[in-house]
Amino acid sequence: MSEPGGSELTATLRRIERAAGALATASVSRMDETLPWFRELPADQRSWVMLVAQAGVRSLVQWLREGGGTADSTQEVSDEVFATAPQALARSISLQQTVALIKVTIDVVEEQVSLLAAPGEEQQLRDAVLRFSREIAFAAARVYARAAESRGSWDARLQALLVDALLRGDSPDVLASRAAALGWSDAPPVAVAVGRSPGGEVAAVLHTVYRHARRIGVEVIGGVHGDRLVIVLGGAADPGAATEKLLPAFGEGPVVVGPAVPSLDEATDSARSALAGYRAAPAWPTAPRPVAAADLLPERSLAGDAEARRRLRRDVYAPLVRAGGELLETLDAFFAAGGTLESAARALYVHPNTVRYRLRRIAEVTGFSPLTPRDAFALQVALTVGRLDPVVPVAPTQT
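Per chain, the residues get numbers from 1 upward, laid out in the order the sequence is written. Only residues with pLDDT of at least 70 are given local features in this predicted model, and only at 80 or more are side-chain atom pairs given and counted; all residues enter the totals for whole chains, interfaces and linings. Calculated side-chain values reflect all of the structure's heavy atoms, with hydrogen atoms and water omitted.

Asks: Looking at this structure, I do not really get the overall build of the protein. What am I missing?
Replies: When helices and strands are counted, the protein shows 17 helices and five strands. Looking at the protein residue by residue over its 399 residues, the buried ones come to 45%. For the protein, the share of sequence-separated contacts (at least 6 apart) that also reach a separation of at least 24 residues comes to 67%. Here the accessible surface of atoms and residues is derived via Shrake-Rupley with a 1.4 Å probe, and residues count as covered only by protein chains that are part of the display. When the accessible area of the protein is evaluated, it comes to approximately 19900 Å², of which 53% is carbon and sulfur surface. The secondary structure listing takes helices from DSSP runs of H or I that are at least 4 residues long and strands from runs of E that are at least 2 residues long, numbered from the N terminus. Exposed residues in this analysis have more than 50% of their type's maximum accessible area, buried residues have under 20%, and partly exposed residues fall in between, with area computed by a 1.4 Å probe over protein chains only. Here, residues are in contact when the closest pair of their heavy atoms is within 4.5 Å.

Asks: Looking at this structure, how should I read the packing of aromatic side chains?
Replies: Centre-to-centre distance and the angle between the planes together describe a pair of aromatic rings. For this analysis, a ring pair means two rings from Phe, Tyr or Trp (six-membered ring only for Trp) whose centres lie within 6.5 Å, classed as stacked if their planes differ by under 30 degrees, edge-to-face if by over 60, and tilted for the remaining angles. For the structure on display, the rule yields two aromatic pairs. Between the aromatic rings of Trp37 and Phe38, the centroid separation amounts to 6.3 Å while the plane-to-plane angle is 85°, which identifies the pairing as edge-to-face. Between Phe334 and Phe335, the ring centres sit 6.2 Å apart and the planes meet at 50°, which makes this aromatic pair tilted. Since its relative accessible area comes to 3%, Phe334 is described here as buried. Only when the NZ atom of a Lys or the CZ atom of an Arg is both within 6 Å of the ring centre and within 35 degrees of the ring normal do we say a charge sits over the ring. The lysine or arginine in question, Arg374, covers the ring of Trp284, its NZ or CZ lying 3.5 Å from the ring centre.

Asks: Even after reading the chapter, I still don't get the pairing of strand E2 (residues 219-225), so can you show me in this structure?
Replies: Consecutive side chains along a regular strand alternate between the two faces of the sheet. By the criterion of burial, E2 is predominantly enclosed, with five of the seven residues buried. At least two DSSP bridges between two strands are needed for those strands to be called paired. The pairing of E2 with strand E3 (residues 228-234) spans seven bridges and is antiparallel. Residue pairing across strands places Glu219 opposite Gly234, the latter belonging to E3. A loop of two residues connects E2 with E3, the two strands running antiparallel in sequence, and Gly226 in this loop sits at a positive phi of about 70°.

Asks: Hey, could you run me through the pairing of E3 in this one?
Replies: Among the seven residues of E3, seven are classified as buried, and the element is accordingly described as predominantly covered. Burial along E3 is two-sided: the face carrying Arg228, Val230, Val232 and Gly234 and the face carrying Leu229, Ile231 and Leu233 are both buried. Two strands pair when backbone bridges link them, and strand E1 (residues 190-196) and E3 are joined in this way by seven bridges, in the antiparallel orientation. When the bridges of E3 are listed, Val194 appears paired with Val230.

Asks: Honestly, the environment of Ile362 in this entry has me stumped. Any pointers?
Replies: Take Ile362: it is sitting in helix H16 (residues 352-366). Sequence-wise, Ile362 and Leu331 are 31 residues apart; in three dimensions their C-alpha atoms are separated by 8.2 Å. Beyond its immediate sequence surroundings of up to four residues, Ile362 is in contact with Leu320, Leu327, Leu331, Gly367, Phe368, Pro370 and Leu379.

Asks: Would you take a moment to explain the sheet that holds strand E5 (residues 291-292) for this structure?
Replies: If you walk across this open sheet you meet the five strands as E2-E3-E1-E4-E5, and the pairing is mixed. In the strand order of this sheet, the two ends are held by E2 and E5, each with one partner. Against the sheet, helix H9 (residues 202-216) engages E2 and E3, with an angle of about 155° to E2. With axes taken as lines fitted to C-alpha atoms, and helix axes fitted only over the stretch in contact, angles between N-to-C directions fall between 0 and 180 degrees.

Asks: What's the story with unusual backbone geometry in this structure? I'm lost.
Replies: Generally, phi is negative for residues other than glycine and the peptide bonds are trans, each holding for most cases. Cis geometry is adopted by the peptide bond preceding Pro189, which originates at Pro188 and carries an omega value of -10°. Structurally, Pro189 can be placed in the loop between helix H8 (172-181) and E1. Following Arg289, the chain continues into Pro290 via a peptide bond in cis, with omega recorded as 5°. Inspection of the secondary structure puts Pro290 in the loop between helix H11 (267-280) and E5. With phi around 60°, Tyr349 is a residue other than glycine that occupies positive phi space. By the element assignment, Tyr349 lies in the loop between helix H15 (341-348) and H16.

Asks: Can you help me understand the pattern of salt bridges in this one?
Replies: Pairs may arise between side chains of opposite charge once their charged atoms sit close together. Salt bridge, as applied in this entry: a Lys or Arg side-chain nitrogen positioned within 4 Å of an Asp or Glu carboxyl oxygen. Applying the stated criterion to the full structure yields 13 salt bridges. Linking Arg314 and Asp315 is a salt bridge whose minimum nitrogen-to-oxygen distance equals 2.6 Å. Judged by relative accessible area, which is 40%, Arg314 ranks as partly exposed. Between Asp332 and Arg387 there is a salt bridge; the shortest N-O distance is 2.7 Å. Of this pair, Asp332 sits in helix H14 (residues 325-336) while Arg387 is found in helix H17 (residues 373-388), placing the two residues 55 residues apart along the sequence. The exposure class of Asp332 is partly exposed, given its relative accessible area of 30%. When salt bridges that share partners are traced, they join Arg309, Arg313 and Asp389 into one network.

Asks: Teacher, can you tell me more about the packing of H14 against H17 here?
Replies: Two numbers describe a pair of packed helices, the interaxial angle and the distance between the axes. As a packed pair, H14 and H17 sit with axes 12 Å apart at the nearest point and diverge in direction by 120°. As the angle between them shows, H14 and H17 are arranged oblique. Here H14 and H17 pass one another in a crossing that is left-handed. Every residue of H17 that contacts H14 at Leu328, Leu331, Asp332 and Phe335 is listed here: Ala376, Leu379, Gln380, Leu383 and Arg387. With respect to orientation, any angle under 35 degrees is reported as roughly parallel, any angle over 145 as roughly antiparallel, any angle of 65 to 115 as roughly perpendicular, and every other angle as oblique. When the near helix sits turned anticlockwise from the far one by under a right angle, the crossing is termed left-handed; a clockwise turn instead gives a right-handed crossing.

In short, geometric facts, not functional conclusions.
Listed below in structure tokens is the structure:
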């Protein structure tokens, strides 16, 4: 006899309750026989599965008692089935593997229907178990979805802390500890890219970053810092090319890539250059996107970036000084003549071919060609910086 509003399987329920322990044990034994990956799990994780299997059988009884065994029932299995170890289970076993475990358990129960069901209730129990298997799978999916959401929120906070540490220039130990918590493998080289955030939920912004990063096979850590999106790239042989493929994750405006460094320990230097370049980038409206921070040295210098001034002084002005006065003299004359080679030659009282030769030498010595407008601008800024801060050795007197 059934209770009002309750299950029609009263006798069957008593049998299932008595057999709960044996069913869970049989299910785990079957998992061990049929699932190779299950046999390789550590003992503690196998014990979690046993606990979940026992909870599943108890949940089946409760579900049937509350009317879940009827065809028109909308009874939903409680997520408490997985409450024994939801976080550990979600970290150790994938959703696909969990569904496989559920299938094994249901198969074992179905095989025991003739022993579990009271006479005349066999088919009703089979139908109920089939519906229960669907509900338990949905419950597992909910648990994993919540675990993924929680893990994603925690990862986002960790990444934000790491990005903050990079931008503040914290010690390598701080960077390493936070990166380790995120599973960062520190694949070289490492570079930092900075651009405008597209806005919206941070989780959605970072999801776009990770989706594109997976497609190109690079490691990334991202964070939204104010209105800026900061991305740390690892394992990209060409960080600029990799960042170009990540552009859909950024908002409008310039995207600047810092120099590649060997590891995350040195990524603060890359982040500092990228940020300085991002602040100075509006001064070069036609800059490529993305643009290397090193290509923005003139703008960075004018914006007050001490590192850019040092680089221009060391890598451009100092080599010109060391090469001899005639290169500086020729460069000054060339700029004074508005970039007209013949006019510069007349001002120097030399043949135009001599000016051509010296301009080629300037390009070889500095890496910037005076004949290219963009390079000429960089050279002019370098000359200005070098003469304002003349901390380079004076060229030896020619004898």
